[in-house]
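# Tertiary structure, described
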Amino acid sequence: MSGTQSQATASSLQICRIMRPDDANIVGNVHGGTILKMIEEAGCIIGTRHCNTQPGDRCAAQLARVERTDFLYPMFIGEVAHVSAEITYASKHSVEVQVHVMSENILTGATKMTNRAALWYVPFSLEDVDNVTEVPPIKYASPGQEEEGKKRYEAQKMERLETKERNGELLIPVSAPEPYTVGFSQSSLIHLVGPSDCTLHGFVHGGVTMKLMDEVAGIVAARHCKTNIVTASVDAINFHRKIMKGCVVTVSGRATFASNKSMEIEVFVDADPLIEAEKGKYRAVTAFFTYISLDKQGKPLSIPPMKLEGDEEQRRFEDGKMRYLQNKAKRLADKERQQ
Amino acid sequence: MSGTQSQATASSLQICRIMRPDDANIVGNVHGGTILKMIEEAGCIIGTRHCNTQPGDRCAAQLARVERTDFLYPMFIGEVAHVSAEITYASKHSVEVQVHVMSENILTGATKMTNRAALWYVPFSLEDVDNVTEVPPIKYASPGQEEEGKKRYEAQKMERLETKERNGELLIPVSAPEPYTVGFSQSSLIHLVGPSDCTLHGFVHGGVTMKLMDEVAGIVAARHCKTNIVTASVDAINFHRKIMKGCVVTVSGRATFASNKSMEIEVFVDADPLIEAEKGKYRAVTAFFTYISLDKQGKPLSIPPMKLEGDEEQRRFEDGKMRYLQNKAKRLADKERQQ
Amino acid sequence: MSGTQSQATASSLQICRIMRPDDANIVGNVHGGTILKMIEEAGCIIGTRHCNTQPGDRCAAQLARVERTDFLYPMFIGEVAHVSAEITYASKHSVEVQVHVMSENILTGATKMTNRAALWYVPFSLEDVDNVTEVPPIKYASPGQEEEGKKRYEAQKMERLETKERNGELLIPVSAPEPYTVGFSQSSLIHLVGPSDCTLHGFVHGGVTMKLMDEVAGIVAARHCKTNIVTASVDAINFHRKIMKGCVVTVSGRATFASNKSMEIEVFVDADPLIEAEKGKYRAVTAFFTYISLDKQGKPLSIPPMKLEGDEEQRRFEDGKMRYLQNKAKRLADKERQQ
């Protein structure tokens, strides 16, 4: 059986699954969160597998960061999602996993690449959960490949340090907000972490967290646009602190920026150890999600302009605009390079 | 990326997934049913994909038969299940899919073949669901392989015809209760308490119990009314005894009263500690649910009158009527007070 | 909605979630049980949180009672359910949580209050599960508020005592079958087919049916053996008739044969089109599952002998023995061929 062999090579993996009604919104578009969760499951398996290929403490690969991810095409109920993951770089204490997602319509045979993502994992010892273990080296096809990986490693390391600070703010509710204001679409949900949300060792899967983040961001976008909205991209996400079994997770989202074709939503994840309350609530993750609005034929609609209130919202809008312009410039540059 | 290519070959497929607490029993053994479900998902994808590789009506591959399957080794929570499926024979109107399941311990690297299965699928047209479509031929590695497949095909065809007859018998030779009687709509379900049903400390969430109670009451109401029914109210529910992890919960419901606009269903919850059986089965909760019946526009329909049999049913009906009249009076009083 | 403001204070809480296809019936009405489950989740979080705000034993709030609840308006798939919970009274050993549920159509902005509920929780020590701990006092806005709460507390206490007695009765006054008989372990479950159980075209996935069959067979085996049981094999399964969306599926299992090391369970699947009832109930699948019993180290245990009653059970036992011997012979033959 040819399939069996490919499992043996520790450095690649394929997951696939039919998309079901609960994976999608009422119009049939698969939630970005469903795809992020599958991507992370593949990354977690391949990362944990690789980090355990040498003697010593057994360890679990914990998600530390997801690079900026674009959702290139929508996926629909009934299609098969194929997620392929590959380890592409290993530093002393982390691995980079690159993931591709294809959608396959098994009735027509049509396939499309819907996502590309890069995730960073750090292995924690199972004997001592605060102890980061060493990552076995991988073989590179060429010295250039290793060099490229090292550059990506240094760049993300820098960014992770930078964002660690941005973590203080809380969402403040507004009384009877006007439509199109930030207060109007602002949303938050609470989730009690259950056993199937966790790894065998009691830590919440990064994919579970990302799925909740996408759910809240989607509600914010739908409240603002009142149309069928879909995830267009997710900015790099850093996972600063682990979330454990028995926590209550509060996920909050607010609109920060809207261009004509897309809107940006900032999402915060706070963890609250329910019983050991003395440990205190802490900010675990923050990220920016970008959504687009679609009509019934799946064509893009323009986004209603945001009504900004106060200097703070104005400042965030300007910051969002900067990110928007940078991403746009980067996309154009990538396109030109490919031609 | 090499993984992407293997998708293109229409005749093989790999699914993999980490086994979670909800996939297993309390001791950590993955349920056979979890594995059977994954096997069938792989078979369904590959079968549907193959049957749509030629022009003509689009079709869905429907499972027709699973050959005898052995579970060679147990699988555990935290292991990765790899399911590989391959089309191994095609007759004019059916395909045989052979599936292998491997378990992989990603911490130790140990892998085991836990199952081998063979499934037969028949393609049904999506335009006309009763119409079986033709299966495209497959290429065999050798003429011997085709011959072997044909033998398996003939053998299973014979067996399917044989068992078709044995299928008439019903487990409980019900003396067919008359429509609109209490016996006709009476229903009960069994639920094996899983990890996600429980608090961190092994007690079933009250909300899980109430959801099961509503499910049974809804089935009773739908069997009686044969329409779209919705929950209108729930009487006070007392939780006298805790239900623990590892219990089997039996939830039973029976109609007690019907007015023109609503019907009342009494629901019982019994807990049965499966393993510590010396503790004995006990009644954990009882409650009354009230349902109304709606037409396609969501407007209330009248409830078919109940056919009562015996004094006991008559007494329960009178009690239900009392509750109904009391609630009605209370609602009216509340309304007046609010004006 | 004022509830939004209060997230920060420990004594109030908001949960929200989009209603998904699996939360509703085929017409799109969210199940009452889905809402009850959300209400209780909010109550459990806020209750547990409050009871742990003072030093001493950590504890879990256990649901003791839900007051009568009305479902004022239906909720639909795609709407967002907002559940706000607030602690409104604390006695020495219990807390009252009041919950409001709003539905929000995020496309039109329309909101409706769909439910109001009051739940009573009792905190149990996590160190000693039978020990009720003390509840920290709460602050009341006015002395009148405390007085009102106390009245509600006394009223529910009285009612709980009253209903405690009514709880002895069993639905079907079973003439308590003897252990190890077929009647003793015989089990059946009802499952309302949901969207995620089905293909895009409304047919139940074969894998979903097999998972339910394994679940029932496992309950039969556990009731007979009272140990950790695992699926050892499944005989060939034929799927004679399709099962469609909106059906109620009844899955029943009974022990047919037991050798020293394994037991065989026959499983029946009956489909019942709930709304188009004129189509009638039909037998969709039957199969034989074989289970083995394991001790805590995972070693096989012997199966308690079955107590057979009547000729019919004796006949089925002989048939089962035949299958058992045939399979054993076949396994031996396969083994020899492979050597």
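Not measured: the values here are computed from a predicted model.

What follows covers the interface of chain B and chain C. Chain B puts 92 residues into the contact, and the matching count from chain C is 91 residues. In this structure, aspartate 235 of chain C engages arginine 68 of chain B in a salt bridge whose closest nitrogen and oxygen atoms are separated by 2.5 Å. Inspection of the region where chain B meets chain C yields 29 residue pairs in polar contact (both at pLDDT 80 or more). Counting residues per element, the side of chain B that touches chain C draws most heavily on helix H5 (residues 206–225) of chain B, at 10 residues. Here two bridges tie strand S3 (residues 69–71) of chain B to strand S8 (residues 228–234) of chain C, and the two strands are oriented antiparallel to one another. Bridge pairing in S8 of chain C places threonine 69 of chain B opposite valine 234 of chain C.

Residues and elements named next belong to chain A. Under the domain assignment used here, chain A contains domain 1 (2–139) and domain 2 (182–338). One C-alpha centre belongs to domain 1, the other to domain 2, and the line joining them spans 20 Å. In this complex, domain 1 contributes 26 residues to the contact, which on the side of domain 2 involves 26 residues. Counting the surface domain 1 buries against domain 2, the share from its top three residues, Leu36, Gln62 and Arg68, is 24%. Where domain 1 meets domain 2, there are one salt bridge.

The next subject is the pattern of salt bridges. Residue and element names in this part refer to chain A. Counted by the stated rule, this structure contains 51 salt bridges over all chains. Ionic pairing is found between glutamate 266 and arginine 254, a salt bridge with its closest N-O pair at 3.4 Å. Note that glutamate 266 is positioned in strand S11 (residues 263–273) and arginine 254 in strand S10 (residues 247–258), a separation of 12 residues in sequence. Like glutamate 266, the residue arginine 254 is buried in the burial classification. Of the charged contacts, one joins arginine 283 and aspartate 270 as a salt bridge, the two residues approaching to 2.6 Å between their closest N and O atoms. One end of the pair, arginine 283, is in strand S12 (residues 282–294); the other, aspartate 270, is in strand S11, and 13 residues separate them in sequence. The two residues arginine 283 and aspartate 270 agree in class, both being buried.

What follows covers the interface of chain A and chain C. Accessible area lost upon the coming together of the parts serves often as the stated size of an interface. Listed per partner, the contact involves 25 residues of chain A and 32 residues of chain C. Taken over both partners, the interface formed by chain A and chain C buries close to 2600 Å², and the fraction arising from carbon and sulfur atoms is 63%. Counting the surface chain A buries against chain C, the share from its top three residues, Asp22, Ile190 and Ile275 of chain A, is 23%. Between chain A and chain C we count two salt bridges in total. Of the charged contacts, one joins aspartate 272 of chain A and arginine 49 of chain C as a salt bridge, the two residues approaching to 3.7 Å between their closest N and O atoms. Linking chain A with chain C are four residue pairs in polar contact (both at pLDDT 80 or more).

Criteria and cut-off values
- Residues numbered from 1 in each chain as written.
- Chains lettered and ligands numbered in written order.
- Predicted model: local features only at pLDDT ≥ 70, side-chain atom pairs only at ≥ 80, totals over all residues.
- Heavy atoms only, no water.
- Contact = heavy atoms within 4.5 Å.
- Salt bridge = Lys/Arg side-chain N within 4 Å of Asp/Glu carboxyl O.
- Polar contact = N/O pair within 3.5 Å; in protein donor to acceptor, adjacent residues only side chain to side chain.
- Helix = DSSP H or I, 4+ residues; strand = E, 2+ residues; numbered from the N terminus.
- Pairing = 2+ DSSP bridges.
- Domains from an automatic or database assignment.
- Buried area = accessible area lost by both parts, 1.4 Å probe.
- Buried < 20%, exposed > 50% of the residue type's maximum accessible area, 1.4 Å probe, protein only.

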